[in-house]
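Each chain, letter by letter, is given below.
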Amino acid sequence: MKCADILVIGGGPGGLGAAIEAAKAGASVLLVDENPRMGGQLYKQIHKFFGSQTHYAGQRGFDIADTLIAEAARAGVELLPQTRALGCFDEGQFALLSLANQDATRLRTMKARRVILATGAKENAVAFPGWTLPGVMTAGAAQTLANIYGVLPGKRILILGSGNVGLIVGYQLMQAGAQVLGIVDVLPSVHGYEVHAAKLRRANVPIYLGSTVVEARGETRVQQVIIGQVDACFQPIEGTHQTIECDTVLLAVGLSPRTEIAAMFGCDMTFERRLGGLMPIHDETMCTSNQTIYVCGDLAGVEEASTALDEGRLAGIHAAAACGYGDEARHARVAALQSSLNTLRSGMHGQPRKEAKNDILQLAHRKGIVGETI
Amino acid sequence: MTQQEHTAPITDPIICRCEEIRKSEILQAIEMGCRSVTAIKKYTRAGMGVCQGRTCARLIEQILIASGISPQAAVARDKARFPIVPCPISAFNGSDKEDQVDAPSI
Ligand SMILES: Cc1cc2nc3c(=O)[nH]c(=O)nc-3n(C[C@H](O)[C@H](O)[C@H](O)COP(=O)(O)OP(=O)(O)OC[C@H]3O[C@@H](n4cnc5c(N)ncnc54)[C@H](O)[C@@H]3O)c2cc1C
């Protein structure tokens, strides 16, 4: 059986940041991710990120992933792609399933002193009549098809949800040759960043605000979608319906943290709508109610790649310190990361997340959740 | 498109695809007193299929909240069990490799 100081589950920006910092502090680190390549969501992002230089602004998502993967390898992290963590046994052993070879799927066990969960989030659905027809899929699924496999999910596409995911995926599918017939959102204004919305507006893509998908119709797959305006309770208003002929409907209606493994470890959870729903409670050190389990990134509240990276780094430093690694410089590093997170969580889009995060930290204090002091 | 076609009867959408449980069955379960994702699961089997509620748990949560149940009560779920994602039974085959585990009783 394999042993390491720290096991990191999930190789997105959160997991990569955590693995890099823990390895730099001197801990032995194993990083597993179920995909053929590390990078998580970053690997599908072909657009240039914006923000600050420390968060790789101006670089494309997959380039940021490559930079982080190289940094992790240099720091001595053992990278295990195509490996899925299936959970743990009572004795504290982790079961890891290799997906590399279908004929020889292998289950291996390992033990670690601390575990950092960076499992990200999964996409939400909306159950309108007809949502189970072929042609209805989540926006992330369409993005994987187009940007990883080079396959267009459809030719005439309607998108439900005007957050960044809906806007970015819509624009990328247009670049790939699909026709985007519109973005529909129940909210009265666009939910995502204006920069992304502007690209679609310039291409004359209609944005139907205060509206929703009422129904998808088709024989063997989607052929038509009925959209309609909604009232104050988000219920469709009779007589406002219109029909759009399309072959694909993408659902971009938010993400939920992937909490299964955290739940298996008995980490206390709470429901925080502003951060994606059910999520594990954590303190400033990213430690959960189970002192051996740390969380970061979208699992610890759905935010962005930059916040996931910083939170991951924090989790890595603290988990390594709990194992006895790291020097005095770590205190300054922790302070710098915390102030960076503070800056990222500001402005119109960031402020509500900052407030929600503060509520989580306070809840952790009330419940007596404290990571080991270092 | 005529007005007639627009107002075609609204069908009752499936919420749990694995177990083919429809929205009306979820609403009926709430009427019978179910107050959480886990109660609905036990009453209707929604979320008991191969994917273990990966998509429908969140949908059921929304239906519960829309019915006036508090989010903190609605989200109650069964503890996730091993394996968290379906995997081939061959993965549990004991073998000569020393780092493979014996098949645990599932
Ligand atoms: C379309 C789109 C555009 C975006 N654009 C931006 C942007 O411009 N700027 C920005 O800052 N952010 C952006 N984001 C958000 C950003 O990508 C996410 O917030 C970020 O990737 C979260 O990082 P993470 O490490 O927590 O999770 P993820 O990146 O989701 O990584 C989690 C990884 O863990 C793996 N995993 C989960 N469970 C297991 C398991 N049991 N075993 C093994 N592996 C597992 C998953 O497969 C995945 O690879 C965008 C997101 C999307 C979807």
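These figures come from a predicted structure and were not determined experimentally. (Residues numbered from 1 in each chain as written. Chains lettered and ligands numbered in written order. Predicted model: local features only at pLDDT ≥ 70, side-chain atom pairs only at ≥ 80, totals over all residues. Heavy atoms only, no water.)

It is worth spelling out the site of the ligand at this point. What surrounds the ligand is a group of 34 residues, the closest being Gly14(A), Asp33(A), Glu34(A), Gln41(A) and Asp298(A). Residues close to the ligand are split across chains A and B. Within the side chain of Asp33(A), an N or O atom sits 2.7 Å from an oxygen atom of the ligand. A distance of 2.9 Å separates an oxygen atom of the ligand from a polar backbone atom of Gln41(A). When isolated, the ligand has an accessible area of 1000 Å², and the protein chains bury 93% of it. For the shell around the ligand, the secondary-structure elements that each account for two or more residues are α1 (13–25), β4 (83–88), α4 (164–175) and α7 (305–322) of chain A. Of the residues belonging to the shell around the ligand, the class tally is twelve nonpolar, 15 polar and seven charged. (Near = heavy atom within 4 Å. Polar contact = N/O pair within 3.5 Å; in protein donor to acceptor, adjacent residues only side chain to side chain. Areas by Shrake-Rupley, 256 points an atom, 1.4 Å probe, with all protein chains shown as cover. Helix = DSSP H or I, 4+ residues; strand = E, 2+ residues; numbered from the N terminus. Nonpolar A, V, L, I, M, F, W, Y, C, P; charged D, E, K, R; others polar.)

Time to look at the environment of Gly170(A). Residues and elements named next belong to chain A. One can find Gly 170 in helix α4. The sequence separation of Gly 170 and Ala 252 amounts to 82 residues, and the corresponding C-alpha distance is 10.0 Å. Residues within four places of Gly 170 in sequence aside, it is in contact with Ile 159, Val 180 and Leu 200. (Contact = heavy atoms within 4.5 Å.)

Right, let's talk about the packing of helix α2 (residues 23–31) of chain B against helix α4 (residues 56–66) of chain B for a bit. All names here are of chain B. Their axes nearest at 11 Å, the elements α2 and α4 cross at an angle of 50°. Classed by the angle they form, the pair α2 and α4 counts as oblique. Taken as a pair, α2 and α4 cross one another with a handedness that is right-handed. Here Lys 23, Ile 26, Leu 27 and Ile 30 of α2 come into contact with α4, specifically with Ile 60, Ile 63 and Leu 64. (Axes fitted to C-alpha atoms, helices over the stretch in contact; angles between N-to-C directions. Parallel < 35°, antiparallel > 145°, perpendicular 65-115°, else oblique. Left-handed = near helix turned anticlockwise from the far one by under 90°.)

It is worth spelling out the sheet that holds strand β8 (residues 136–138) of chain A at this point. All names here are of chain A. Taken together, five strands build an open sheet; the order of strands is β8-β15-β9-β10-β11 and the sheet is parallel. Pairing within the sheet leaves two strands with one partner each, and these edge strands are β8 and β11 (207–209). Geometrically, the sheet is characterised by an average inter-axis angle of 20° between neighbouring strands, direction not taken into account. Across four bridges, strand β9 (residues 156–160) lies against strand β15 (residues 248–251) in parallel orientation. Bridging from a neighbouring strand, Ile 159 pairs with Leu 250 of β15. Where α4 meets the sheet, it contacts β9, β10 (179–185) and β15, and its direction lies at approximately 170° from that of β10. (Pairing = 2+ DSSP bridges.)

Any functional reading would require information beyond the geometric quantities listed.
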